[in-house]
Amino acid sequence: QVQLVESGGGLVQAGGSLRLSCAASGRSFSPNAMGWFRQAPGKEREFVAAIRWSIGSTFYADSVKGRFTIARDNAKNTVYMQMNSLKPEDTAVYYCAAGTRRLQDLYRRTSYDYWGQGTQVTVSS
């Protein structure tokens, strides 16, 4: 069984930065990709960013392009997301996800098999 544990959330002022981490554990953990999603109160969970585990190609939602950067450390089974120039509309619970199946649309929640418990990010104006 794979477990994903997020950390790094918190309260920050608009324009500030946060770095989220997601550490994966489990026997023979070998994802095809890992991603970050977020869910604001009263809204559906939405795609934020993803990275292909083997080749490192990255994908971003239009709303975060140029502000967020996803990266991974294969040796540590950890994915990171650096969030800069944060806006109040970035406030949400952020979830880490891991997908094991190949050729999946990484923008879709259904492409991921494992999820973390979430970490709260609050951006004050």
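Going by the structure above, here's the rest.
Rules of the game
- Residues numbered from 1 in each chain as written.
- Predicted model: local features only at pLDDT ≥ 70, side-chain atom pairs only at ≥ 80, totals over all residues.
- Heavy atoms only, no water.
- Phe/Tyr/Trp six-rings, centres within 6.5 Å; stacked < 30°, edge-to-face > 60°.
- Helix = DSSP H or I, 4+ residues; strand = E, 2+ residues; numbered from the N terminus.
- Buried < 20%, exposed > 50% of the residue type's maximum accessible area, 1.4 Å probe, protein only.
- Lys NZ or Arg CZ within 6 Å of the ring centre and 35° of its normal.
- Pairing = 2+ DSSP bridges.
- 1 Å grid on protein atoms, 1.4 Å probe; cavity = no way out; pocket = protein on both sides within 12 Å on 5 of 7 lines; lining within 4 Å.
- Points joined across faces, edges and corners; volume = space filled by probe spheres on them.
- Nonpolar A, V, L, I, M, F, W, Y, C, P; charged D, E, K, R; others polar.
- Core = buried A, V, L, I, M, F, W, Y, C linked by side-chain atoms within 4.5 Å.
- Contact = heavy atoms within 4.5 Å.
- Polar contact = N/O pair within 3.5 Å; in protein donor to acceptor, adjacent residues only side chain to side chain.

**Observations concerning the packing of aromatic side chains**
Throughout the structure, instances matching the rule amount to seven aromatic pairs. When the ring of F37 is compared with that of F47, the centres are 5.7 Å apart and the planes differ by 80°; the resulting orientation is edge-to-face. Separated by 10 residues along the polypeptide, F37 in strand 4 (residues 33-39) and F47 in strand 5 (residues 46-52) bring together distant segments of the chain. We note that F37, like F47, is buried. A residue is classified by how much of its surface remains accessible, and F47, at 10% relative accessible area, is buried. Aromatic ring contacts, followed pair by pair, group F37, F47, F59, Y107, Y112 and W115 into a single cluster. The ring centre of Y95 lies 3.6 Å from the NZ or CZ of R45, which sits over that ring.

**Things to note about the pairing of strand 7 (residues 68-73)**
For strand 7 and strand 8 (residues 78-83), the ladder comprises six bridges, and the chain directions are antiparallel. From the neighbouring strand, I70 faces strand 8, where its bridge partner is M81. Counting the residues between successive antiparallel strands, the hairpin from strand 7 to strand 8 contains four residues, one of them, N77, with a positive phi of roughly 50°.

**Side note on the layout of surface pockets**
In this model, the largest pocket occupies a volume close to 170 Å³. Contributing to the lining of the largest pocket are R38, Q39, A40, K43, E44, E46, S63, R67, E89, D90, T91 and A92. Grouping the constituent residues of the lining of the largest pocket by class yields two nonpolar, three polar and seven charged.

**What to know about the nonpolar core**
Grouped together as the largest cluster of nonpolar side chains are 36 residues, with contacts concentrated most on M34, W36, V79, M81, M83 and Y94. Of all the secondary structure elements, the ones that give two or more residues to this core are strand 3 (18-25), strand 4, strand 5, strand 7, strand 8, strand 9 (92-99) and strand 11 (119-124). Once residues lying within four places of it in the same chain are set aside, the contact partners of Y94 are E6, L20, W36, F37, R38, V48, F68, M81, M83, G118, T119 and V121.

**Some words on the environment of Q82**
Secondary-structure assignment places Q82 in strand 8. Separated by 62 residues in sequence, Q82 and L20 place their C-alpha atoms 6.5 Å apart. For Q82, the contacting residues outside a window of four places in its chain are S17, L18, R19, R67, F68 and T69. Polar side-chain contacts of Q82 include one of 2.9 Å to the side chain of N84.

**Focus on the pairing of strand 3**
Of the strand pairs in this sheet, strand 1 (residues 3-7) and strand 3 are connected by five bridges, and their pairing is antiparallel. Within strand 3, the position partnered with L4 by the bridge is A24. Here six bridges tie strand 3 to strand 8, and the two strands are oriented antiparallel to one another. Across the sheet, C22 pairs through a bridge with V79, a residue of strand 8.

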